[in-house]
Amino acid sequence: MNIDNITTVDAVRNAPTASVWIHDDGGRAVAGFAGKTGDCVTRAIAIATGSPYREVYDELFQRNKEFATTSCGRKARLTTGRGASPRNGVWGTEVARPYLLSLGWTWRPTMHIGSGCKVHLRAGELPNGRLVVALSGHCVAVIDGVVHDIYDCTRGGTRCVYGYFRCNQQVFG
């Protein structure tokens, strides 16, 4: 008998729930941007808020520039050297978080130091609604359990979620 083909009840019970993913660039191409870039924060916010990509991009560009000119932004100037463009990334705690909070979104951490991974990027582990989800080195929009991104970043449902922003209002235009 070949034991490699045996499925135990525990293996089925612990298998990741299928993740649903939709290819979505958040309006990036429509806004005239092309090529590969590190704009996941801009895309995720544009998708989750339903805002035009260019509007989110311009706001994050301005906030990145302001952060880089402060004394706290010294680390941004010294470590990146890439300029303030959101295409090169966005400082999460210093730039993206205040922006989303100003829009009325709230932050919900799902992982704490020493706690291990409790929530994964898969169906059923995140609440319904519009979310901007923080992952290791990436940010993604999740709408009613469906991942919206330019690639499937779920790692088969094993990707750990550090936390997420959630909109307090359910009205989108």
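Presented here is an overview of the structure given in this document. None of the values given here were measured: they were computed from a predicted structure. (Residues numbered from 1 in each chain as written. Predicted model: local features only at pLDDT ≥ 70, side-chain atom pairs only at ≥ 80, totals over all residues. Heavy atoms only, no water.)

## A look at the packing of helix α2 (residues 40-49) against helix α3 (residues 53-69)
When two helices pack together, their arrangement is given by the angle between the helix axes and the distance between those axes. The N-to-C vectors of α2 and α3 enclose an angle of 130°; their axes lie 9 Å apart at closest approach. Of the possible angle classes, the one that applies to α2 and α3 is oblique. For the pair α2 and α3, the crossing hand works out as right-handed. Here α2 contributes Val 41, Thr 42, Arg 43, Ile 45 and Ala 46 to the contact with α3, which in turn contributes Tyr 53, Val 56, Tyr 57 and Leu 60. Residues that form the contact of α2 with α3 fall into these classes: seven nonpolar, one polar and one charged. (Axes fitted to C-alpha atoms, helices over the stretch in contact; angles between N-to-C directions. Helix = DSSP H or I, 4+ residues; strand = E, 2+ residues; numbered from the N terminus. Parallel < 35°, antiparallel > 145°, perpendicular 65-115°, else oblique. Left-handed = near helix turned anticlockwise from the far one by under 90°. Contact = heavy atoms within 4.5 Å. Nonpolar A, V, L, I, M, F, W, Y, C, P; charged D, E, K, R; others polar.)

## Topic: the state of the cysteines
In total, this model carries one disulfide according to the counting rule given. One disulfide bridge connects Cys 117 with Cys 160, the sulfur atoms lying 2.3 Å from each other. An S-S torsion of about 115° defines the bridge between Cys 117 and Cys 160 as right-handed. One end of the pair, Cys 117, is in the loop between β2 (105-109) and β3 (130-135); the other, Cys 160, is in the loop between β5 (146-149) and β6 (163-167), and 43 residues separate them in sequence. The class for Cys 117 is partly exposed, based on a relative accessible area of 32%. (Disulfide = S-S within 2.5 Å. Buried < 20%, exposed > 50% of the residue type's maximum accessible area, 1.4 Å probe, protein only.)

## Focus on the pairing of β5
Residue alternation in β5 divides its side chains into two sets, Val 146 and His 148 and Val 147 and Asp 149, and both sets are buried. Of the pairings in the sheet, the one linking strand β1 (residues 20-23) to β5 comprises four bridges and is parallel in character. Pairing of Trp 21 across the sheet is with Val 147, part of β5. Note: strand β4 (residues 138-143) against β5, three bridges, orientation antiparallel. Considered in β5, the bridge of Ala 141 is made with His 148. What sits between β4 and β5 in their antiparallel hairpin is a turn of two residues, with Asp 144 showing a positive phi close to 50°. (Pairing = 2+ DSSP bridges.)

## Details of a nonpolar patch on the surface
Judged by side-chain polarity, Trp 21, Ile 150 and Tyr 151 come together as a nonpolar surface patch covering roughly 260 Å² of accessible area. For Tyr 151, the position within the fold is in the loop between β5 and β6. (Patch = residues over 30% accessible without salt bridge, like charges linked within 9 Å, V, L, I, M, F, W, Y side chains within 5 Å. Areas by Shrake-Rupley, 256 points an atom, 1.4 Å probe, with all protein chains shown as cover. Salt bridge = Lys/Arg side-chain N within 4 Å of Asp/Glu carboxyl O.)

## Focus on the pattern of salt bridges
Side chains that differ in sign of charge can pair as their charged atoms come close. This model, assessed by the stated rule, comprises six salt bridges. Close ionic contact of Asp 39 with Arg 28 constitutes a salt bridge, the shortest N to O distance being 2.9 Å. Note that Asp 39 is positioned in the loop between β1 and α2 and Arg 28 in the loop between β1 and α2, a separation of 11 residues in sequence. No difference in accessibility class separates Asp 39 from Arg 28, as the two residues are buried.

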